[in-house]
Amino acid sequence: MKNLDINTAKKENFQEIYLKKIERKSWSELTTFGIGSAIVDVIYPKTDNEIRDILNYGNTKNIKVIVLGNGSNIIGSDSYSDCLVAKLTKGDFAKIEKISDGLIKVGAGVNLKKLANSLLNFNLGGIASLTPIPATVGGAIKMNAGAGGIEIVDFISEIFGLDAVGKSWSLKKNEINWSYRHTDIPEGFIITGSICKFNKVCPNEEYELIKQASTLRKETSPIGKSAGCIFKNISTEISAGKLIDKLNLKGQSIGGIEISSKHANYMINLAKGTELDCFKLITKVITKVESIKKMYLKMEAIFINPRLRKEISEVVKVKSILVMMGGASSERAVSIISGQAVAKALKIAGYAVTELDLRKLELPMDINEYDIVFPVFHGDWGEDGRLYDLLERENIPFVGCNSATCAIVMNKVKTKQMLDKQGILTAKYDVLCDMCKKPKQISYPLILKPSEEGSTVGIKYVKDSSEWDESLKFALQFSNEILLEEYISGCEITVSVIKGKVFPIVEIQYPGKIYDYDAKYEHKFGKTQYFSPPISISTELQDKAKQIALRFCDIVGSSEIMRIDMIITAKNEIFVIEGNTLPGFTPDSLLPKAAQAADISFIELCSKLVALK
């Protein structure tokens, strides 16, 4: 950048007080990554007032002021130097002051390890697991740094600082939205310090914990110049490092930058790495994770060069997903719970998600603006195929089976007829349409269920003839066509299939006679237990059940998403109960449990389903 023109500075004393203190340094000297040959002007303010003067000067001269702490998550530049760097590591920003018992005022430039060691003088601590993080307190607060099950937010009472024009601000802890590795502190706000409340500790014990944390860090983190973690973890369950590791990217390098063979979310500057080397290697990782894992990695490290920051955000086009839920069926409440869970998972995976509570069976006007539709309707509209038919007519990609398959599987009578023709065991049945017909071919106990309802809505176990009239009257509230089935006693299982791939079987043990709505969601009569792999049936029978599930998918014409419920009797007979073209996505739902048994998280499951389109 051009030399600073001190003659036009608004502050008369700016030349005298500050400009003489400016140092010329390369980005490689200002960051832990050691990247960047471009030379910049650096100044070390000691008070808030000095920062105000610097900000005022920058605004007057149209020079960008960049505030740094330790520079641990910064990727420097070989070309960008049009800025003034204010490094907050001296004066007030390096102070640790006791306010009262347990309350400590901490400057933003204090290193976390230095803070932990200083707290020992006050018999305070609790942050031992954070000490290996190579960040200052200001940076740790901004990103809500965490390690070992604790986060910096756990100790914050208040933070304070300056906005982009030097105006003071302060925020109480509860005025900030804190989440995993994230806060909503505005981008332009400069954190200058905080008031923290720490725990009473035994100094000797806390010191040992600090040493242990340091040892663990050395064992798990790579040695060499790095910016720390390059990417944010997808979630607490899905680490960026493990994703990158699964793609066999460890040890790969471009130019002087290498993906650490010890921790895949670290990149090491081998000696003469450049910002372009970093950009190319980061681009390779982001592209491969999106291509194979169908998730979008977000940067935790920051390119100081604004052009590269913009370009890295555009490496892959983020797909827009419309998650439709609600409907007008008896399963509306379950649909909304499932839909919200799906939407949340896809947002975490990096997709651009819009949620829609659909109350009429019609497509929204802006339907073509979305890349993919994820309908989450249990029962009417979704599982009966009517909404899917509308989407098919408009050639809109959507998650789920085709409308014809849905119409077949939703109708339990049609499903049974097809199973009978193909020789697949299913319970004996009859169809009732009014209160007059009595069971003749099927003896008690028996099951009544509406022909076209899901989530076991309207299902009734009928022990004997004394319960018949009341049970049938109840079932007819949900449908004009009632399926009457013989009661099959045995071990209930469910087999999930996605795009022809069979997931681990889930065994269901419920407190009552049948797996009804209460056993699924309400648990008034006790908790239902789920086991995957099953604990009551042999591997041979499990394999047989999986083959039956695949046959079921062939018969009904789709295996896009399918869950087939079965009962295995004491004689090892496998009876198919029914199929489900849109399994639930609630915390108690069976498809997510099967996926979990296959080491597929809920976020990965939703991403995989979107990726099928």
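Below: a short report on this structure. This is a predicted model, so every value here is computed, not measured.

Bringing the side chain of Ser221 into the picture now. Within the fold, Ser221 resides in the loop between helix 6 (203-220) and helix 7 (240-246). A relative accessible area of 9% means that Ser221 is categorised as buried. Excluding residues that lie within four positions of it along the chain, Ser221 makes contacts with Lys262 and Tyr266.

If you trace the three strands from one edge of the open sheet to the other, you get 22-21-23, paired in parallel fashion. Edge positions in the sheet fall to strand 22 (352-358) and strand 23 (372-376), since each of these pairs with one other strand and no more. Neighbour-to-neighbour, the strand axes of the sheet open up by a mean angle of 20 degrees, direction not taken into account. Here strand 21 (residues 320-326) runs beside strand 23; their pairing, made up of five bridges, is parallel. What sits directly across from Leu322, in strand 23, is Val373. Those strands touched by helix 10 (residues 332-348) are strand 21, strand 22 and strand 23, and its axis lies near 165 degrees from that of strand 21.

With that settled, the discussion passes to the pattern of salt bridges. For the coordinates displayed, the defined rule picks out 20 salt bridges. Notably, a salt bridge pairs Lys250 with Asp245, separated by 3.6 Å at the nearest N-O pair. Classification of Lys250 by relative accessible area gives partly exposed; the value is 31%. Among the residues examined, Asp245 registers a relative accessible area of 33% and is labelled partly exposed. The network of salt bridges with common partners includes Lys416, Lys449, Glu485 and Glu578.

In this description, a pair of aromatic rings is defined by centroid distance and the angle of the planes. In the structure shown here, the tally under the stated rule is nine aromatic pairs. On the basis of an interplanar angle of 35 degrees and a centroid distance of 4.9 Å, the ring pair of Tyr388 and Phe398 is categorised as tilted. Of this pair, Tyr388 sits in helix 11 (residues 386-393) while Phe398 sits in the loop between helix 11 and helix 12 (403-410); the two residues are ten residues apart in sequence, bridging distant segments of the chain. Phe398 carries the same exposure label as Tyr388, and that label is buried. Of the aromatic side chains, those joined through ring pairs into one cluster are Phe374, Phe585 and Phe602. Over the face of the ring belonging to Phe474 we find Lys460, whose NZ or CZ atom lies 5.0 Å from the ring centre.

Further remarks concern helix 4 (residues 112-119). Along helix 4, the residues that are buried comprise Leu112, Leu115, Ala116, Ser118 and Leu119. Down the axis of helix 4, the buried side of the element spans an arc of 165 degrees, and every buried residue falls inside it. Buried residues in helix 4 make contact with strand 6 (96-100), strand 7 (103-107), strand 8 (124-125), helix 5 (137-142) and helix 6. Near the N-terminus of helix 4, the side chain that reaches the backbone nitrogen of Lys113, with its oxygen 2.8 Å away, is that of Asn111.

Let's shift gears to the state of the cysteines. A full pass over the atoms with the stated rule returns zero disulfides. For the unlinked cysteine Cys83, the closest cysteine sulfur is that of Cys278, found at 17 Å.

Remark: helix 8 (residues 275-293) packs on helix 9 (residues 306-313), axes separated minimally by 11 Å, with the N-to-C direction vectors making an angle of 15 degrees. Comparing their axes, helix 9 and helix 8 come out roughly parallel. Along this stretch, helix 8 crosses helix 9, giving a crossing that reads as right-handed. Between helix 8 and helix 9, the residues in contact are Glu275, Phe279, Ile282, Thr283 and Ile286 and Leu308, Glu311 and Ile312, respectively.

Along its 17 residues, helix 10 runs 24 Å from first to last C-alpha, staying within 8% of the 24 Å computed at 1.5 Å per residue. When we look at burial in helix 10, the residues that qualify are Val334, Ser335, Ser338, Gly339, Val342, Ala343, Ala345 and Leu346. One side of helix 10 holds all its buried residues, which, seen down the axis, span an arc of 165 degrees. Following helix 10 by one or two positions, Gly350 has its phi on the positive side, about 105 degrees.

So, about unusual backbone geometry. The omega torsion across Tyr444 and Pro445 is -5 degrees, close enough to zero to call that bond cis. Position of Pro445 among the secondary structure elements: in the loop between strand 24 (429-432) and strand 25 (446-450). Omega for the bond connecting Ser532 with Pro533 falls within 30 degrees of zero, at 5 degrees, which places this linkage in the cis form. Looking at the secondary structure, you find Pro533 in the loop between strand 31 (529-531) and helix 16 (539-556). Although it is not a glycine, Asn62 adopts a positive phi angle of roughly 60 degrees. Relative to the assigned elements, Asn62 resides in the loop between helix 3 (48-61) and strand 3 (64-68). Even without being glycine, Asn395 reaches a positive phi, approximately 55 degrees. Its location among the elements puts Asn395 in the loop between helix 11 and helix 12.

If you walk across this open sheet you meet the three strands as 17-18-19, and the pairing is antiparallel. Taken across any chain shown, the strands that pair with only one partner, and hence form the sheet edges, are strand 17 (253-254) and strand 19 (267-269). For strand 18 (residues 257-259) and strand 19, the ladder comprises three bridges, and the chain directions are antiparallel. Bridge assignment links Ile257 to a residue of strand 19, and that residue is Asn269. Contacting strand 17, strand 18 and strand 19, helix 8 crosses the sheet at an angle of about 25 degrees to strand 18.

Here we take up the side chain of Asn269. If you trace the backbone, Asn269 turns up in strand 19. We classify Asn269 as buried; its relative accessible area is 6%. Polar side-chain contacts of Asn269 include one of 3.1 Å to the backbone oxygen of Gly34. Here the side chain of Asn269 touches Gly273 through a polar contact of 3.0 Å, landing on its backbone nitrogen.

So, on to the environment of Ile535. Relative to the elements of secondary structure, Ile535 occurs in the loop between strand 31 and helix 16. The residues touching Ile535, leaving out its near neighbours within four places in the chain, are Glu507 and Gln509.

A general trend in soluble globular proteins is that nonpolar side chains are found buried together. Formed by 108 residues in total, the largest nonpolar core has its most connected members in Phe231 and Phe374. Tallying contributions element by element places helix 16 first for this core, with eight residues. Ignoring anything within four residues of it in the chain, the contact list for Phe374 reads Ile321, Leu322, Val323, Met324, Val342, Leu346, Val399, Phe585, Cys606, Leu609 and Val610.

The rules behind each value
Residues numbered from 1 in each chain as written. Predicted model: local features only at pLDDT ≥ 70, side-chain atom pairs only at ≥ 80, totals over all residues. Heavy atoms only, no water. Helix = DSSP H or I, 4+ residues; strand = E, 2+ residues; numbered from the N terminus. Buried < 20%, exposed > 50% of the residue type's maximum accessible area, 1.4 Å probe, protein only. Contact = heavy atoms within 4.5 Å. Pairing = 2+ DSSP bridges. Axes fitted to C-alpha atoms, helices over the stretch in contact; angles between N-to-C directions. Salt bridge = Lys/Arg side-chain N within 4 Å of Asp/Glu carboxyl O. Phe/Tyr/Trp six-rings, centres within 6.5 Å; stacked < 30°, edge-to-face > 60°. Lys NZ or Arg CZ within 6 Å of the ring centre and 35° of its normal. Arc of directions from axis to C-beta. Polar contact = N/O pair within 3.5 Å; in protein donor to acceptor, adjacent residues only side chain to side chain. Disulfide = S-S within 2.5 Å. Parallel < 35°, antiparallel > 145°, perpendicular 65-115°, else oblique. Left-handed = near helix turned anticlockwise from the far one by under 90°. Expected span 1.5 Å × (residues − 1). Core = buried A, V, L, I, M, F, W, Y, C linked by side-chain atoms within 4.5 Å.

Without other data, these values stay purely geometric and don't point to any function.
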